[in-house]
2 protein chains.
Amino acid sequence: MGIYQTIRDRICLLHYPPGKKLAEQELAEEFAVSRTPVRQALQRLEYDGLTEIRNGVGTTVTAVDRHAFEDIFAFRMRISELIGDFPASAEIPSVLASLGHLIDTAEQVRKDTDMVGFWRLNHELQEATGRLIGNRSLRDTHARYYFLACRIWYSVIDRIFDEQSADFVVEAQEIVKALKAGDVRAVGFIQRNHIALGMHRIAPYFHPE
Amino acid sequence: MGIYQTIRDRICLLHYPPGKKLAEQELAEEFAVSRTPVRQALQRLEYDGLTEIRNGVGTTVTAVDRHAFEDIFAFRMRISELIGDFPASAEIPSVLASLGHLIDTAEQVRKDTDMVGFWRLNHELQEATGRLIGNRSLRDTHARYYFLACRIWYSVIDRIFDEQSADFVVEAQEIVKALKAGDVRAVGFIQRNHIALGMHRIAPYFHPE
DNA sequence: CCATATCAAGCTGCATACACCATCGATAGA
DNA sequence: TCTATCGATGGTGTATGCAGCTTGATATGG
């Protein structure tokens, strides 16, 4: 996995929490490369909105205030609603295969209260539903804002794990049913509804900094 | 204006047409800097989808095939429809001021068949309507895909200038009327409809490569 | 004449050195 | 004692040299 993806996942997993300073030199030594490729990754992360680079100061992980939280989740809901307008129906079989594996794994993850495992399952679901989107612009945007959102719910996952992971299984099962009926539009609405559920579940725990 | 914006505008203005090779060394000499900041700009443009970097070959401006054309315009239509869901009503007065100046300038641009001037007016309208969007995620996406779309209609602007610029004035006037009524939602639908008009006007001239 | 191997040129990717900037603490003066 | 200034420190921004890759021209053998 590349430097960009590694750092991005660490931010989403809160291994690098908001406000954390990321020193180029330190990361360069860890990845056994020079500062150049590390800088490239950090600049891309800044473009994603996950980090902020200030000359002479350093690179810091961006804070997520109440405004950003609401903006991102509301936008993701609208984006998901659009999935049905651009269905990539040819991908349905492969997505169904992914979802099958995903639901099987989810039971074990729930028993173990394996939060990192749950985070990975969400990545897989995101990747799978992305394959159903037949419009590249929408698909890219869908993925882009997933990575902005996932660290938000992960910041309170220890307090909502049971409900959130139960809903996750329900969401995956509903998507399977919809896809077996060939109804990609339903997938978008299912996802939209579960984003809304998650948003309302997170909001009480989410205090602006 | 920065290196990134300069190169981006040259791509959108077809000064750098699809397929054009952008040599880092050459650009570095033009901007009187080293390759490093040029590389930074080119990498960001690649992330935008405007260029493609291949090791050992060089950086080329991406081609726009029929698929990309349809994806981008369809997506932009959907994005514009969402504007009304996140109105930044406080910006209405300043946007009205921008639109006034814009409509005044447009008449002269139409008389002169000033295509670059028309291109600039579109930038201004894009920037002004962006200020009406109260959701940062939507605003960023709205801007991002504008720059992917504008070089497409600009590639055939010489053949559609009269109709396109006439519609532009109508669009701006309709937006003024909507904003005077405080109806930001209407702005999104006006823009959506004019994107659709433009798309159908372009399609006949647009041949896949 | 054609196919293939080889080499040279030009490009990007990376490593490194240095310049510039922001910050904090020490120190001297009021 | 408080304040202002200066310097040390650690960070990012840039320039530059070199390594590795791609591609096209060229030479060579069939």
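Up top is the structure.
In this text the structure is predicted, and so the values were computed from the model without any measurement.

Participant: Before we go on, may I ask you to explain the protein's contact with DNA strand C in this structure?
Facilitator: The full set close to DNA strand C counts 20 residues, and S34(A), T36(A), R35(B), R39(B) and G56(B) are the nearest of them. For DNA strand C, the backbone makes up 64% of the atoms found within 4 Å of the protein, where backbone means sugar plus phosphate. With respect to DNA strand C, the backbone of G56(B) contributes an N or O atom lying 3.2 Å from a base nitrogen. Within the residue set of the surface near DNA strand C, elements represented by two or more residues are helix 3 (35-48) of chain A together with helix 3 (35-48), strand 2 (51-54) and strand 3 (58-61) of chain B. The dominant element in the surface near DNA strand C, judged by the number of residues it contributes, is helix 3 of chain A, at four residues. When the residues that make up the surface near DNA strand C are grouped by side-chain class, the tally is six nonpolar, nine polar and five charged.

Participant: What am I meant to see in the sheet that holds strand 3 of chain B here?
Facilitator: Pairing between sheet strands relies on hydrogen bonds along the backbone, with the strands arranged either parallel or antiparallel. Residue and element names in this part refer to chain B. Strand order in this open sheet of three strands is 1-3-2, and the pairing throughout is antiparallel. Of all strands in the sheet, those bounded by a partner on one side alone are strand 1 (21-22) and strand 2. Where strand 2 lies against strand 3, four bridges are found, and the strand directions are antiparallel. By the bridge assignment for strand 3, T51 is matched with V61. Along the sheet, helix 3 makes contact with strand 1, strand 2 and strand 3, crossing strand 2 at roughly 115°.

Participant: Just checking my understanding: could you explain the protein's contact with DNA strand D for this structure?
Facilitator: Taken together, 20 residues lie around DNA strand D, and R35(A), R39(A), S34(B), T36(B) and N55(B) are the ones closest in. Sugar plus phosphate, as a fraction of atoms of DNA strand D within 4 Å of the protein: 64%. Residue R35(A) places a side-chain N or O atom 3.0 Å away from a base oxygen belonging to DNA strand D. Within the contact set of DNA strand D, a phosphate oxygen lies 2.5 Å away from a backbone nitrogen or oxygen of S34(B).

What counts as what
Residues numbered from 1 in each chain as written. Chains lettered and ligands numbered in written order. Predicted model: local features only at pLDDT ≥ 70, side-chain atom pairs only at ≥ 80, totals over all residues. Heavy atoms only, no water. Near = heavy atom within 4 Å. Polar contact = N/O pair within 3.5 Å; in protein donor to acceptor, adjacent residues only side chain to side chain. Helix = DSSP H or I, 4+ residues; strand = E, 2+ residues; numbered from the N terminus. Nonpolar A, V, L, I, M, F, W, Y, C, P; charged D, E, K, R; others polar. Pairing = 2+ DSSP bridges. Contact = heavy atoms within 4.5 Å. Axes fitted to C-alpha atoms, helices over the stretch in contact; angles between N-to-C directions.

From the geometry alone we can't say anything about function, so treat these as descriptive.
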